[in-house]
Amino acid sequence: MSENKNGSHLNSFSHNYNVYESPLVTRNASPEMSAVFSPQRKHSTWRRIWLALAEAEKTLGLPVTEEQLTEMRAHLDDIDFEEAARQESRVRHDVMAHLHTFAKAAPSAKPILHLGATSMDIVDNTDVLLTRDALTIIAQKLANLIDALGRFAVKTRDLPCLAYTHLQPAQPTTVGKRAVLWTYDFVLCLADIELRLQTLMLRGIKGTTGTQASFLELFEGDHEKVKKLEFAVAERLGFSRVHPVSGQTYSRIVDAQVVSSLALLAAAAHKMALDIRVLSAFKEIDEPFEEEQVGSSAMAYKRNPVLTERVTGLSRFLMNLVGNPLQTAAEQIFERTLDDSSNKRITIPEAFLTADAILDILIHTTRGLVVNHAVIKQRLEAELPFMATENILMVGVKAGGDRQDLHERIRKHSQEAARSVKQEGKPNDLLHRLSKDAAFASSDVASAVDPMLYVGRSVQQVDEFAKQVIEPIRQRYTGKLERKVQLKV
C-alpha cells in the first residue's frame with residue numbers, strides 16, 4: 001500500500017460528503033480494478049515510462065548518467081499529488097505538471113527527463129499498460145464465471161424443466177442445458193477479450209505527430225538508433241510489439257475494439273440476468289439471499305432479484321458506452337484532437353469498472369443459485385401433457401387404435417383441458433380425460449409423459465460442453481479460479 005508525503009494511504013477511502021462519488025467505485029467495482037485506474041497507478045506508470053525512455057537513451061549513447069537513473073528509480077511511487085495539483089493550476093497541462101513534480105523529487109535527472117518525447121509518448125503508452133492490466137482481470141473473472149456456471153450446469157444436467165420460445169411454453173430442456181447456453185455466451189466473450197490481449201500493442205516512442213522527428217534529431221539522423229530506442233523502451237515495459245505507425249496517438253480504433261468487447265460481455269450478462277429474473281418470477285430459481293437481507297421496505301415477504309437487476313442496469317450502461325470510442329475514432333481529425341482525451345479518460349475506466357462489477361455480481365450469484373425443484377416439476381407437469389400428445393397418439397396407435405379417430409379425440413380433450421386451465425384456473429387434467437376415454441383404455445398413456453423423453457440430448461450436450469469447452473478454459477486458468485468475490489452492497 002503506497003503512501004503520500006503526508007503518510008496517508010493513497011488507496012484508502014476518504015469521504016467528502018459534499019462531493020460526488022462515482023457509484024461504480026463506491027458500490028460496484030472491486031478494489032483491484034479501481035486501483036488500475038487510480039491516480040497512483042497512472043502517474044507512477046508515467047514515471048516508469050520516463051525511466052524506461054531515459055535508460056534506453058543511455059544505452060544508445062545519449063548523455064544520461066547512472067546517477068540520474070538511480071535517482072529516478074528511487075522516486076517512482078512517492079508522488080506528491082498536492083505539488084502536482086499546484087503545478088497543473090499554474091501550467092494547465094497535466095503531463096508537464098507531473099514532469100515538474102518528478103523533477104523536484106529527482107533533481108539530478110531534470111535535464112534529461114522527457115528527452116525528445118511528447119505527452120502521448122507517456123500518456124498513450126500508460127493507457128495501453130493499464131488496458132493490459134484491466135483486460136487481464138476481466139479475462140480471469142470471465143474464466144471464474146465460466147467455471148462456476150459449468151459446475152452449476154453439470155449439477156443440474158438431468159433436471160428437466162419447461163423451455164420457452166417466444167416466452168411461450170415449448171419443448172422441455174434441462175436446467176443444466178439452459179445454463180450452458182449462458183456459459184457459451186461468456187466463452188465467446190472470453191475468446192474476444194483474449195484476442196484483445198494477444199493483439200494489444202504499445203503506441204511506441206514516436207514523438208509529436210508520430211514521425212519520430214525529435215528522436216531523429218537527438219540521434220543525428222541515425223534511423224537505426226531511433227528504431228532501437230522504440231523497441232528498447234517497449235521491452236522494458238513488457239511488450240515485444242509496437243504499433244507500426246501512429247499520429248500523435250495510437251489508432252483509436254483500438255479503444256473502440258476494447259470497449260466493444262466489454263459491451264459484448266455486457267450483452268451476455270444482461271441476457272443471463274434477465275433469464276434469472278424471469279425464472280425468479282416463476283419461482284423456479286432464486287438468487288442467493290443473505291440471512292438478514294431485506295427484499296422490500298414495505299413488503300416484508302419479498303425476495304426481489306436485486307443482484308440480477310443490478311446486472312441488467314449496469315449492462316445497459318456499458319452497452320451504451322460503446323458509441324463514445326467509435327465516435328472518438330471517427331472524429332480524430334488528422335493526427336489528434338483534444339476531445340479525444342477528455343472523452344477517453346471517462347469512457348475507458350468506466351467501461352472496465354462496469355464490466356468488473358458485472359462479473360463479480362454474476363460470479364457471486366452463480367455460486368449461490370437456489371434451484372426450486374418442486375416448482376420446476378410442477379410447472380413442467382402443467383404443460384407437459386399438451387406437449388406429449390403426439391407421443392400419446394403413437395402409443396394409442398400401437399395399442400390398436402385408429403390414428404385419425406385418436407387424433408380427433410386428443411384434439412377435443414386438449415382444447416377442453418386448456419379451456420379449463422385458462423378460464424377456470426383448474427390444473428391441467430388432460431391425462432385424466434384421456435384415461436377415461438374408452439379409445440385409450442388399452443394405452444399406457446402415463447408412459448408417454450416422462451419428461452426425460454422430451455429433453456433430447458440435453459444431458460449429453462452438457463457433458464460434452466463441460467469436457468470439450470469448459471475444461472480447456474479451466475486448464476488455461478489453473479491457479480486463477482476460485483477467486484474470492486466480496487460484494488459491497
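First, a word on scope: everything that follows refers to the structure included in this document.

The rules behind these values
- Residues numbered from 1 in each chain as written.
- Predicted model: local features only at pLDDT ≥ 70, side-chain atom pairs only at ≥ 80, totals over all residues.
- Heavy atoms only, no water.
- Helix = DSSP H or I, 4+ residues; strand = E, 2+ residues; numbered from the N terminus.
- Rg over C-alpha atoms; globule rule 2.2 N^0.38 Å.
- Buried < 20%, exposed > 50% of the residue type's maximum accessible area, 1.4 Å probe, protein only.
- Contact = heavy atoms within 4.5 Å.
- Pairing = 2+ DSSP bridges.
- Core = buried A, V, L, I, M, F, W, Y, C linked by side-chain atoms within 4.5 Å.
- Axes fitted to C-alpha atoms, helices over the stretch in contact; angles between N-to-C directions.
- Parallel < 35°, antiparallel > 145°, perpendicular 65-115°, else oblique.
- Left-handed = near helix turned anticlockwise from the far one by under 90°.
- Nonpolar A, V, L, I, M, F, W, Y, C, P; charged D, E, K, R; others polar.

Structural notes on the overall build of the protein chain
Looking only at helices and strands, one finds 19 helices and four strands in the protein chain. Here the C-alpha atoms of the protein chain give a radius of gyration of 31 Å, more than 25% beyond the 23 Å that 2.2 N^0.38 yields for 489 residues. Viewed in the frame of its principal axes, the protein chain has a C-alpha envelope of about 105 × 50 × 40 Å. Relative to its full complement of 489 residues, the protein chain shows a buried share of 48%. Within the protein chain, contacts between residues separated by at least 24 positions form 77% of all contacts whose residues are at least 6 apart in sequence.

Side note on the pairing of strand S1 (residues 160-165)
Where S1 and strand S2 (residues 168-174) come together, five bridges link them in antiparallel fashion. Looking at S2, one finds that Pro-160 is bridged to Thr-174. Counting the residues between successive antiparallel strands, the hairpin from S1 to S2 contains two residues, one of them, His-166, with a positive phi of roughly 60 degrees.

Thoughts on the environment of Glu-194
Inspection of the secondary structure puts Glu-194 in helix H8 (residues 175-199). A relative accessible area of 14% places Glu-194 in the buried class. Between the C-alpha atom of Glu-194 and that of Val-469, which follows or precedes it by 275 residues, the distance is 15 Å. Residues contacting Glu-194, with those up to four places away along its chain left out, are Arg-476 and Tyr-477.

Brief notes about unusual backbone geometry
Even without being glycine, Glu-220 reaches a positive phi, approximately 50 degrees. Within the secondary structure, Glu-220 is located in the loop between helix H9 (213-218) and helix H10 (223-236). Note on Glu-220: relative accessible area 75%, which makes it exposed. A positive phi angle, close to 60 degrees, is found at Glu-482, a residue other than glycine. Structurally, Glu-482 is set in the segment after helix H19 (458-476).

Quick word on the nonpolar core
With 69 residues, the main nonpolar core has Ile-138, Leu-142, Phe-186, Phe-352 and Ile-358 as its most contacted residues. Of all the secondary structure elements, the ones that give two or more residues to this core are helix H2 (31-36), helix H7 (119-155), H8, helix H11 (253-281), helix H12 (306-321), helix H14 (339-367) and H19. The biggest single contributor to this core is H7, with 13 residues. When near neighbours in sequence (up to four residues on either side) are disregarded, Ile-358 contacts Leu-265, Ala-266, Ala-269, Val-311, Leu-314, Ser-315 and Leu-318.

Topic: the packing of helix H3 (residues 39-59) against H10
H10 packs onto H3 with a crossing angle of 135 degrees between their chain directions and a minimal axis gap of 9 Å. Of the possible angle classes, the one that applies to H3 and H10 is oblique. Crossing handedness for the pair H3 and H10: right-handed. Every residue of H10 that contacts H3 at Ala-52, Leu-53, Glu-55, Ala-56, Glu-57 and Thr-59 is listed here: Leu-229, Ala-232, Val-233 and Arg-236. Across the contact of H3 with H10, the residue classes tally to six nonpolar, one polar and three charged.

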